[in-house]
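# Results of the structural survey
Chain by chain, the residues run as shown.
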Amino acid sequence: MRELGRDPHDDAEERSPLSLEVGDAFPAPDAVLPDQHGERVPLRELWENGPALLVCVPAAFSTHCTAELGALAFEVDRFDAAGVQLAALSCDPVPALRAWADDRVLPFPLLSDFWPHGEVSRTLDAFDEELGVAQRLSVLVEGGRVRWLLRGEHGAPRSLAAHLACLEG
């Protein structure tokens, strides 16, 4: 049981390892999620014209998630130059993602895995059942296959340098 008044997002307890591996077929190619504007985005369309980096984050407006996506937004030109489509995914509802994107000027799709709650995150084996949020997982998908993975600790941000490593291959 969690202590009252304690932020569960700062909890660094051990999580079960994810089973998704490099070389696997992306497990949810036919999923369709709303973005921060309510537009329905088929995940398959993200990598239709080249690789796509899907960055799963636990919570809109949280310190670490905001830092991660802010760093990616700052370097979005590097991803564009490499032909990599950026997108983020969280279990937050569309209005929260819209406010977050507008507040932080995030220039890529923020996908809502809110309902059915965490369905795509679960398919990626990246859903925290206790907290009801996506785990920190970044997946580079090309041609429907996982080409690169980055797993992050729950209570710590992934670095920009770690995300930029996906451009090196």
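This text goes with the structure placed above it.
Throughout, a residue's number is its position along its own chain's written sequence, starting from 1. Where local features are concerned, this predicted model is filtered to residues with pLDDT of at least 70; where side-chain atom pairs are given and counted, the filter is 80 or more; whole-chain, interface and lining totals use all residues. With hydrogens and water stripped out, all remaining heavy atoms of the structure feed into the side-chain values.

### Section: the overall build of the protein
Elements are defined by DSSP. Helices are runs of H or I of four residues or more, strands are runs of E of two residues or more, and each kind is numbered from the N terminus. A tally of helices and strands in the protein yields 6 helices and 9 strands. Each of the 169 residues in the protein was classed as buried or not, and the buried ones make up 47%. Between two residues, a contact is recorded if the distance between any of their heavy atoms is within 4.5 Å. Within the protein, counting contacts between residues at least 6 apart in sequence, those at least 24 apart form 65% of the total. Accessible surface computed for the protein: about 8500 Å², of which carbon and sulfur atoms make up 51%. Three labels apply to residues, based on accessible area from a 1.4 Å probe with only protein chains included: buried if under 20% of the type maximum, exposed if over 50%, partly exposed otherwise in between. Methods summary: accessible areas were calculated by the Shrake-Rupley approach with a probe of 1.4 Å, and residue burial reflects only the protein chains presented.

### Thoughts on the nonpolar core
Among buried residues, the Ala, Val, Leu, Ile, Met, Phe, Trp, Tyr and Cys ones that are joined through side-chain atoms within 4.5 Å form a nonpolar core. Within the largest apolar cluster, 26 residues are counted, with the highest numbers of intra-cluster contacts made by F26, L43 and L124. Among all residues touching L124, those that are not within four sequence positions of it are L20, F26, P27, L54, C56 and L137. Among the nonpolar cores identified, the runner-up in size contains 24 residues, and V57, V76, V84 and L140 belong to it.

### Structural notes on the packing of aromatic side chains
Stacked, edge-to-face and tilted are the three classes for Phe, Tyr and Trp ring pairs, Trp counted by its six-membered ring, which pair at centre distances within 6.5 Å; planes under 30 degrees apart are stacked, over 60 edge-to-face, the rest tilted. Under the criterion given, the structure shown has 2 aromatic pairs. Directly above the aromatic system of F127 lies the positively charged group of R122, at a separation of 3.9 Å from the ring centroid. By definition here, charges over rings are those cases where NZ of Lys or CZ of Arg is within 6 Å of the ring centre and within 35 degrees of the ring normal.

### Considerations on helix α4 (residues 94-104)
If you check which residues of α4 are buried, you get L97, W100 and A101. The arc that holds every buried residue of α4, seen down its axis, measures 95°, which confines them to one face. The inward-facing, buried residues of α4 contact α2 (63-74), β4 (85-90) and β5 (110-112). Looking one or two residues beyond α4, the residue adopting positive phi is V105, at roughly 50°. Starting at the helix axis, one direction is taken to each C-beta atom, and the arc is that of these directions.

### With respect to the pattern of salt bridges
A pairing counts as a salt bridge when a side-chain nitrogen of Lys or Arg comes within 4 Å of a carboxyl oxygen of Asp or Glu. Overall, the coordinates contain 8 salt bridges when judged by the stated rule. Ionic pairing is found between R98 and D102, a salt bridge with its closest N-O pair at 3.1 Å. In this pair, R98 and D102 both sit in helix α4, 4 residues apart, roughly one turn of the helix. On the basis of relative accessible area, R98 is assigned to the partly exposed category, the value being 37%. For D102, a relative accessible area of 46% translates into the label partly exposed. The closest approach of N and O atoms between D103 and R104, which form a salt bridge, is 3.1 Å. Its relative accessible area of 47% is what places D103 among the partly exposed residues. Its relative accessible area of 47% is what places R104 among the partly exposed residues. Here the residues in one salt-bridge network are E68, R136 and R158, joined through shared partners.

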